[in-house]
Each structure stands twice: as structure tokens, then as C-alpha cells.
2 protein chains.
Amino acid sequence: MEQKGELVSFRPDIKVVDCTLRDGGLVNNFEFSEDFVRDLYKANVAAGVDYMEFGYKASKEVFKVEDYGKWKFCDEKDIRAIVGDNDTDLKISVMADVGRTDYKKDIIPKSESVIDMVRVATYINTIPAAIEMINYCADMGYEVTINIMAISTASENELDLALELLAAQSKASVIYLVDSYGSLYPEQIRRLADKYIRIAEKYGKRVGIHAHNNQQLAFANTIEACTIGVSYLDVTMSGMGRGAGNCYTELLMGFLRNPKYRISPVLKFIENHMVPLKKAGVVWGCDVQYMITGNANQHPRTAIAFTGEGRTDYDNFYTQITSYE
Amino acid sequence: MEQKGELVSFRPDIKVVDCTLRDGGLVNNFEFSEDFVRDLYKANVAAGVDYMEFGYKASKEVFKVEDYGKWKFCDEKDIRAIVGDNDTDLKISVMADVGRTDYKKDIIPKSESVIDMVRVATYINTIPAAIEMINYCADMGYEVTINIMAISTASENELDLALELLAAQSKASVIYLVDSYGSLYPEQIRRLADKYIRIAEKYGKRVGIHAHNNQQLAFANTIEACTIGVSYLDVTMSGMGRGAGNCYTELLMGFLRNPKYRISPVLKFIENHMVPLKKAGVVWGCDVQYMITGNANQHPRTAIAFTGEGRTDYDNFYTQITSYE
């Protein structure tokens with residue numbers, strides 16, 4: 001494996017993608033204040049962040065509008081209420097889950113939209129449906145990425161085939177390595193990133209990483225992947241995200257050397273919005289129960305429930321999670 | 001750089017060193033309850049931890065006894081009150097700072113002591129004094145390690161000379177790579193660990209790692225160092241330690257594959273002692289101010305003061321820390 005770039009220089013292919021509203025929305029049901037969203041947008045612009053993901057483009061047939069905050073659906077008018085025509089260098093992204101997005105209805109032509117990029121999220125068994133969706137969005141004029149979730153429970157062979165298929169047949173420009181369960185160690189991330197890059201490069205595509213912090217490895221895995229050539233790096237303010245959360249924006253801003261990135265707007269945003277959010281009782285971040293599910297390579301839903309119940313009987317939880325019964 | 005060992009097997013040279021009382025003592029002035037210390041000892045024995053560090057062997061001339069909890073001084077009788085003759089596989093360690101230990105008075109012959117290992121901590125400019133102290137302790141019958149602190153601000157050439165000197169002239173059996181400021185990234189840790197190992201191996205010595213969590217990299221740096229051959233791995237329960245704290249015992253226990261290590265006693269200890277300690281207001285762990293000093297390669301004392309004052313004006317702090325004035 002070859003190292004790409006060095007600690008004192010920077011690679012122009014690197015893009016920072018803020019997912020605070022999207023992954024953080026899974027913590028608070030997408031109920032962010034207007035001030036929060038507006039200031040986050042301003043902070044991202046000022047910090048030189050490349051993409052800001054506003055949320056999901058979820059199907060209003062599958063999900064009831066009244067059950068969620070607006071960023072679950074990302075209506076064009078709601079994004080425009082924050083960004084106007086977005087006359088900035090920051091690009092705007094939304095996530096669209098395979099099978100949970102009415103993309104033929106809700107993804108309008110890029111020429112009419114302020115959205116720049118659609119990130120399609122798929123499991124490995126829905127790749128053909130993902131390819132249809134990717135190519136539809138690409139043909140509508142968007143940049144498209146593909147996030148393959150839960151790969152730590154897929155077979156290596158299945159993953160190889162999925163990557164080849166996506167690289168060869170989809171119009172996605174970026175393939176994302178996603179550590180859904182926060183179960184992967186840096187040496188595994190490097191090996192996987194190397195695999196993704198070798199396949200993606202053959203087809204002129206880039207690779208991204210979306211890490212989870214179950215084992216306090218989200219930042220480490222992100223920069224290790226970056227060091228060997230991964231370009232798109234997902235972060236959230238104070239690591240806000242489902243369960244153990246994500247790679248912290250403030251940590252990545254300290255690591256990157258491109259002078260266009262500035263940490264001050266991030267620190268100000270944290271002080272003004274993330275500290276009050278935590279004080280108000282919104283809970284995320286690495287804790288023992290997430291280490292346990294991460295280490296066991298399991299979905300964190302049991303750990304999220306454990307957190308919600310205010311439990312601290314970690315050893316009982318460990319026994320439950322690792323039981324074969 | 002060669003990888004030593006694999007994710008599914010284990011290396012018998014690996015030793016886990018619990019530093020909860022010693023590094024955690026820097027958070028609460030070594031004021032641990034008897035129950036805490038006794039249960040920690042039992043948990044370490046049950047978990048298969050290799051060494052438990054009880055605290056410092058600090059000079060009673062330099063430090064007033066009434067100003068600290070007893071584990072600042074680790075009197076023989078106080079350790080024996082917990083462990084008796086320590087008829088277990090767990091070995092007992094104390095730390096002794098160069099210039100702050102009356103070692104000729106306070107380090108008694110090993111044959112009369114329940115202590116197994118003395119860990120000498122030195123800055124790079126006190127290495128000759130460290131060698132005297134190391135060899136004195138080794139001649140008294142102890143295993144001895146040497147921890148060189150604050151290497152991230154030393155020159156590479158100075159470090160090379162220090163390592164050669166310690167390896168050739170000291171009777172220490174382990175040389176510790178210490179990331180005092182939590183400023184080092186995994187790629188730097190791997191390179192440094194490789195350097196330490198090459199020099200140590202020539203003289204039949206092992207290498208250890210003591211990481212800090214300023215940038216949420218303590219666990220990542222510990223396992224990365226381990227993967228390329230570092231043997232002695234420092235951890236603390238829930239990462240308790242000065243400022244941002246250390247590598248979490250519970251994370252490392254999940255990573256190691258040696259069947260002698262058991263995570264359950266660790267989880268029970270956390271539930272019974274670390275959760276109440278945090279609830280009582282004892283504060284440590286990664287936070288924005290520690291990321292900032294770690295990223296700036298500075299001692300965390302300013303961040304500790306910032307924490308103590310309950311401040312959250314991170315951007316002001318960043319400006320202060322990075323100012324050249």
C-alpha cells in the first residue's frame with residue numbers, strides 16, 4: 001500500500017463533507033432550529049467545507065411528514081429558505097436510501113434545484129436497484145455518490161463483485177467505504193480503502209469514507225483512509241450522529257493542511273450550538289455500550305435502546321449481545 | 001514496516017499495563033477510596049491484566065504528604081494493605097520521576113518489596129540521571145522500564161541519541177514510546193514505534209506505548225503501535241487520566257485475542273466505580289480544548305485550566321494557544 005500525500009502538504013482531491021444534519025438528524029428526529037441550520041451553513045461556508053448534507057430525501061409515502069423534522073425530506077423550498085441560490089463554494093448534498101426514496105418524483109432536474117449532489121445509500125443486496133437510482137440522478141444532472149452500508153457483515157467475495165458492478169455500470173463519481181457498525185480497525189480500513197481505490201481508479205472514480213465512532217476510531221480511520229488515497233471525508237460537528245456518532249469536524253480540520261480550511265468558524269459553531277444542544281439533553285457519542293456492539297460487529301440499535309433507558313449495567317449488556325442463544 | 005501478529009491470533013509478548021491509579025491520580029490528586037483500589041486490583045487480576053501501576057514513588061522532600069492521596073507515594077505498607085503478598089499473576093508497578101524520587105531511600109531491595117516493576121519517567125535532557133536511577137533499581141532486583149516524555153518537541157537527532165544511550169547503557173528491559181501531548185497521528189506513531197523497536201531489539205529490549213487521548217487517537221495509536229511490534233500497552237479504566245486521558249482498558253480488551261484477557265471484570269468495575277466517579281463530578285476525557293493543545297503539540301496544562309474554569313469559548317482559547325505573541 002502506497003501513501004498518498006504527506007503530513008505537511010495537501011492533496012487537492014480531498015473534499016470535506018459535513019453530515020451534521022443528516023446523521024445528527026438520526027439523533028433528534030431531524031428537529032433542528034432554523035438558527036442551528038442557518039449558522040451551520042454559514043460556518044461550513046466560512047470553514048471551507050466542500051459539501052453540506054442537509055438530510056434525507058425520504059419518501060413521503062413510506063414516512064409520515066408529521067412524524068419528522070423537515071430535514072428528513074429536504075424539500076427544495078426548505079433548503080432554499082436557508083441558502084437562497086447558494087452563491088458560495090459550498091456544494092449541497094442530500095442522501096437518498098434505496099427503496100425509501102420516490103426518486104422519480106422527488107429528484108427534480110438539477111437545472112431547477114439548488115442541490116448539487118445526491119448520495120445513494122444501499123445495502124449490498126440492493127445494488128441493482130441502487131444502480132438504477134444512481135443513473136437516474138446522474139442523468140438528471142447531479143453528482144452522485146454510492147454508499148454501500150454494513151459491509152463488515154458481507155463476504156469479501158460479494159463485496160468485490162458489488163464494487164466491480166458499481167464501478168463499471170453506475171454513473172456514481174464516488175464510491176463510499178462505510179463502517180456502519182463502527183467495527184473496523186485501522187488496519188482493516190487501510191486494506192479495504194486500498195481495495196476500493198484500486199477498483200474505483202480503473203473507472204475514473206474517487207473513494208469516500210463514512211466512519212462511526214463506536215470504538216473511538218472514527219477520526220483515526222478517516223485519516224488513515226485519507227493517507228492512502230481516499231478523497232471524500234465525512235464529518236459532523238462534535239461527531240453528532242446516530243449512536244456513537246461520527247468523525248468530528250473539529251478533529252479533521254486540525255489535521256488537514258489545505259489553507260482553504262479554517263477551524264475558527266467550526267469552533268464558534270460548536271460553542272454556540274453544540275454545547276447548548278448537549279446541555280439540553282441530546283445524547284450521542286462513544287460510550288461502553290457502543291464499544292460492545294462495535295466490537296461484536298452488530299448494528300448499534302440495541303446500544304441506542306440501552307442508552308435511551310439510562311442503563312449502565314454494561315456487563316449484562318455484553319452478555320446479552322454476545323450470547324448465541 | 002512489517003506487521004507483527006494478525007487480527008485473529010495473539011502475540012505472547014504483549015503485556016497490558018493498567019495505569020488508572022497513577023495517571024487517573026493526576027485528575028483527583030490520588031484521592032481514591034479503599035474500595036476503589038481494592039476492586040480495581042481484583043478486576044485487574046480477574047481480567048488477566050499483566051501489570052497494575054499503583055501510583056508514584058514521589059519524594060516526600062519535594063512533595064508534602066498531607067497535600068496528596070497516598071498513591072502519590074506508594075508506601076510499601078499501603079500497597080500491602082490492598083494486595084497482601086500479591087499471590088496472583090498480576091505484577092505491581094510504580095512510577096518514579098527523575099529528580100522527584102528519593103530512590104536511594106525509597107526503593108528498597110526487591111526481596112523485601114511487593115513491587116515488581118519500577119517505571120522511570122524522564123525528559124530527554126535528564127537521560128544520564130535516568131540511567132543512574134534505572135540501573136540502581138535494576139540492581140535492587142526490579143524490572144525497570146524507561147518512559148521518555150515529551151518527545152514530540154524533541155529533535156529527531158536528539159531522540160536517536162537518547163534511544164541508543166538508553167538501550168546500550170541502561171538496564172531497563174522496556175523503552176516506552178510516550179505521546180505526552182496527545183499530538184501524534186497514527187502514521188507518526190508507526191514510524192516512531194518502528195524506530196524504537198529497531199534500537200531496542202538490538203539490545204534485547206522490548207518497547208511499550210503510553211498514549212493520550214487529546215485527539216481521540218489513544219486507542220488507535222496503541223493498537224497501531226502494537227500491530228508493528230510494541231509489546232507493553234498502557235491503559236486506564238474509562239481512559240481516566242490527566243486532561244484528555246488515556247487509552248481505554250475496555251477498548252483494548254475488546255481488541256486483544258489472547259484468551260487470558262477477559263472483558264467482563266472490566267465492565268463490572270466501570271459500572272460500579274467509574275460511572276459513580278464521573279457522576280460525582282470528576283472530569284477527564286477528550287474535549288475541544290484538548291484537541292486544540294494536542295493539535296498544537298503543547299502541554300495540556302492550559303486546557304486543564306480551561307476545563308477547570310468551566311469555559312466553552314473554544315475559539316478564543318484557540319486564538320490564545322496558537323498566538324505567536
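Small disclaimer: the values here were computed from a predicted structure and weren't measured.

## Things to note about the overall build of chain A
Part 1 of the argument: From N to C terminus, chain A includes 13 helices and 8 strands.
Part 2 of the argument: Taken against the 2.2 N^0.38 rule, which gives 20 Å for 325 residues, the C-alpha radius of gyration of chain A at 19 Å falls within 12% of a compact globule.
Part 3 of the argument: For the C-alpha atoms alone, the extent of chain A along its principal axes is close to 55 × 50 × 45 Å.
Part 4 of the argument: Here chain A holds 325 residues, and the buried ones make up 61% of them.

## Points about the interface of chain B and chain A
Part 1 of the argument: Each partner contributes to the interface: chain B provides 38 residues, whereas chain A provides 38 residues.
Part 2 of the argument: With both sides pooled, the region where chain B packs onto chain A buries about 3400 Å², and carbon together with sulfur makes up 62% of that total.
Part 3 of the argument: In terms of surface lost to chain A, no three residues of chain B exceed Glu-187, Gln-216 and Asp-315 of chain B, which account for 18% of the buried area on that side.
Part 4 of the argument: The tally of links between chain B and chain A comes to 4 salt bridges.
Part 5 of the argument: Two residues, Asp-315 of chain A and Lys-268 of chain B, come together in a salt bridge whose shortest N-O distance is 3.6 Å.
Part 6 of the argument: One can count 16 residue pairs in polar contact (both at pLDDT 80 or more) joining chain B with chain A.
Part 7 of the argument: At the level of secondary structure, the elements contributing two or more residues to the side of chain B that touches chain A comprise helix H7 (186–202), helix H8 (218–227), helix H9 (249–255), helix H10 (264–279), helix H11 (288–295) and helix H13 (314–321) of chain B.

## Focus: the side chain of Ser-93 of chain A
Residue and element names in this part refer to chain A.
Part 1 of the argument: Along the chain, Ser-93 falls in strand S3 (residues 91–97).
Part 2 of the argument: When its relative accessible area of 0% is taken as the criterion, Ser-93 is described as buried.
Part 3 of the argument: Every residue in contact with Ser-93, bar those within four places of it in the chain, is listed here: Met-52, Glu-53, Phe-54, Gly-55, Met-117 and Arg-119.

## Examining the sheet that holds strand S3 (residues 91–97) of chain B
All names here are of chain B.
Part 1 of the argument: Spatially, 8 strands are ordered S1-S2-S3-S4-S5-S6-S7-S8 in a closed barrel, and the strand pairing comes out parallel. Pairs of neighbouring strands in the sheet enclose a mean axial angle of 25°, with direction left out of account.
Part 2 of the argument: Direction of pairing for strand S4 (residues 117–122) relative to strand S5 (residues 143–148): parallel, over a ladder of 6 bridges. Among the inter-strand pairings, Val-120 is bridged to a residue of S5, identified as Ile-146.
Part 3 of the argument: Along the sheet, helix H2 (residues 34–47) contacts strand S1 (15–18) and strand S2 (51–56); its crossing angle with S2, the most-contacted strand, is approximately 155°.

## Digging into the relation of the copies chain B and chain A
Part 1 of the argument: Once chain B has been moved 0.0 Å along the axis and rotated by 180°, it coincides with chain A to within an RMSD of 0.0 Å. The transformation just described matches what one would write down for a two-fold rotation axis.
Part 2 of the argument: A high fraction, 100%, of the interface residues of chain B reappear at the interface in chain A, so the copies pair face to face through one surface.

## Overview of the pattern of salt bridges
Between side chains of opposite charge, a pair can form when the charged atoms approach closely.
Residue and element names in this part refer to chain A.
Part 1 of the argument: Following the criterion strictly, the structure yields 58 salt bridges over all chains and no others.
Part 2 of the argument: Arg-206 is the salt-bridge partner of Asp-13, the closest N and O atoms lying 3.8 Å from each other. In this pair, Asp-13 is assigned in the segment before strand S1 (15–18) and Arg-206 in strand S7 (residues 206–210), connecting sequence segments 193 residues apart.
Part 3 of the argument: Each of Arg-22, Asp-23, Glu-53, Arg-119 and Asp-234 takes part in one network of salt bridges that share partners.

## Focus on the packing of H11 of chain B against helix H12 (residues 301–308) of chain B
Residues and elements named next belong to chain B.
Part 1 of the argument: At a minimum axis separation of 9 Å, H11 and H12 run at an interaxial angle of 165°. With respect to their mutual orientation, H11 and H12 come out roughly antiparallel. Seen along the crossing, H11 lies across H12 with a hand that is right-handed. Counting all contacts with H11, which are made through Gln-289, Tyr-290 and Thr-293, the residues of H12 involved are Thr-302, Ala-303, Ile-304, Phe-306 and Thr-307.
Part 2 of the argument: In the contact of H11 with H12, the residues fall into 4 nonpolar, 4 polar and no charged.

## Brief notes about the UniProt feature "domain: Pyruvate carboxyltransferase" (unreviewed entry) in chain A
Part 1 of the argument: The UniProt record annotates "domain: Pyruvate carboxyltransferase" (unreviewed entry) at residues 14–271 of chain A.
Part 2 of the argument: Taken as a whole, residues 14–271 of chain A contains 40% helix and 17% strand, while its terminal C-alpha atoms sit 26 Å from one another.

## Looking at the packing of aromatic side chains
Residues and elements named next belong to chain A.
Part 1 of the argument: One pass over the structure, following the stated rule, counts 26 aromatic pairs over all chains.
Part 2 of the argument: Seen in terms of ring centroids, Phe-54 and Trp-71 are 5.5 Å apart; in terms of plane orientation they differ by 55°. Their pairing is tilted. You can see Phe-54 sitting in strand S2 (residues 51–56) and its partner Trp-71 sitting in the loop between S2 and helix H3 (76–83), a full 17 residues away along the chain. Of the two residues, Phe-54 and Trp-71, neither departs from the other in class, the shared state being buried.
Part 3 of the argument: Ring-pair connections join several aromatic residues into one group, and the members of that group are Phe-32, Phe-36 and Phe-269.
Part 4 of the argument: In this structure, Arg-119 packs its charged tip against the face of Tyr-176, placed 4.8 Å from the ring centre.

## Topic: the sheet that holds strand S6 (residues 174–178) of chain A
Residue and element names in this part refer to chain A.
Part 1 of the argument: Spatially, S1-S2-S3-S4-S5-S6-S7-S8 is the arrangement adopted by the 8 strands of the closed barrel, whose pairing is parallel. Here the strands of the sheet are splayed against their neighbours by 25° on average, with no regard to which way each runs.
Part 2 of the argument: Pairing of S1 with S2 involves 2 bridges; the strand directions are parallel. Counted as the bridge partner of Asp-18 is Met-52 from S2.
Part 3 of the argument: Across the face of the sheet, helix H1 (residues 20–28) comes into contact with S1, S2, S3, strand S4 (117–122), S7 and strand S8 (232–235) while running at roughly 35° to S2.

## Section: the nonpolar core
One recurring pattern in soluble globular proteins: nonpolar side chains tend to sit buried together.
Part 1 of the argument: Counting 222 residues, the largest nonpolar core has Phe-54 of chain A together with Phe-54 of chain B as its most contacted members.
Part 2 of the argument: Aside from chain neighbours lying at most four places away, what touches Phe-54 of chain A is Leu-21, Val-37, Tyr-41, Trp-71, Cys-74, Ile-79, Ile-82, Val-83, Ile-92 and Ser-93 of chain A.

## Section: the packing of H11 of chain B against H13 of chain B
Residue and element names in this part refer to chain B.
Part 1 of the argument: At a minimum axis distance of 10 Å, the contact between H11 and H13 shows a crossing angle of 20°. In terms of orientation, H11 and H13 fall into the roughly parallel class. Like other packed secondary-structure pairs, H11 and H13 cross with a definite hand, here right-handed. Counting all contacts with H11, which are made through Val-288, Gln-289, Ile-292 and Thr-293, the residues of H13 involved are Tyr-314, Phe-317, Tyr-318 and Ile-321.

## Here's the deal with the pairing of S3 of chain B
Here is the key point about a regular strand: its side chains alternate between the two faces of the sheet.
Residues and elements named next belong to chain B.
Part 1 of the argument: Where burial is concerned, most of S3 is hidden: 6 out of the 7 residues are buried.
Part 2 of the argument: Taken together, the 4 bridges between S2 and S3 define a ladder with parallel strand orientation. Counterpart to Glu-53 in the pairing with S3 is Ser-93.
Part 3 of the argument: Pairing analysis gives 5 bridges linking S3 to S4, with the strands arranged parallel. Each residue of the ladder has a partner; that of Asp-97, found in S4, is Ala-121.

Conventions used here
- Residues numbered from 1 in each chain as written.
- Chains lettered and ligands numbered in written order.
- Predicted model: local features only at pLDDT ≥ 70, side-chain atom pairs only at ≥ 80, totals over all residues.
- Heavy atoms only, no water.
- Helix = DSSP H or I, 4+ residues; strand = E, 2+ residues; numbered from the N terminus.
- Rg over C-alpha atoms; globule rule 2.2 N^0.38 Å.
- Buried < 20%, exposed > 50% of the residue type's maximum accessible area, 1.4 Å probe, protein only.
- Contact = heavy atoms within 4.5 Å.
- Buried area = accessible area lost by both parts, 1.4 Å probe.
- Salt bridge = Lys/Arg side-chain N within 4 Å of Asp/Glu carboxyl O.
- Polar contact = N/O pair within 3.5 Å; in protein donor to acceptor, adjacent residues only side chain to side chain.
- Pairing = 2+ DSSP bridges.
- Axes fitted to C-alpha atoms, helices over the stretch in contact; angles between N-to-C directions.
- Least-squares fit on C-alpha atoms with pLDDT ≥ 70 in both.
- Parallel < 35°, antiparallel > 145°, perpendicular 65-115°, else oblique.
- Left-handed = near helix turned anticlockwise from the far one by under 90°.
- Nonpolar A, V, L, I, M, F, W, Y, C, P; charged D, E, K, R; others polar.
- UniProt positions renumbered as here; feature names shortened; annotations may be inferred.
- Phe/Tyr/Trp six-rings, centres within 6.5 Å; stacked < 30°, edge-to-face > 60°.
- Lys NZ or Arg CZ within 6 Å of the ring centre and 35° of its normal.
- Core = buried A, V, L, I, M, F, W, Y, C linked by side-chain atoms within 4.5 Å.

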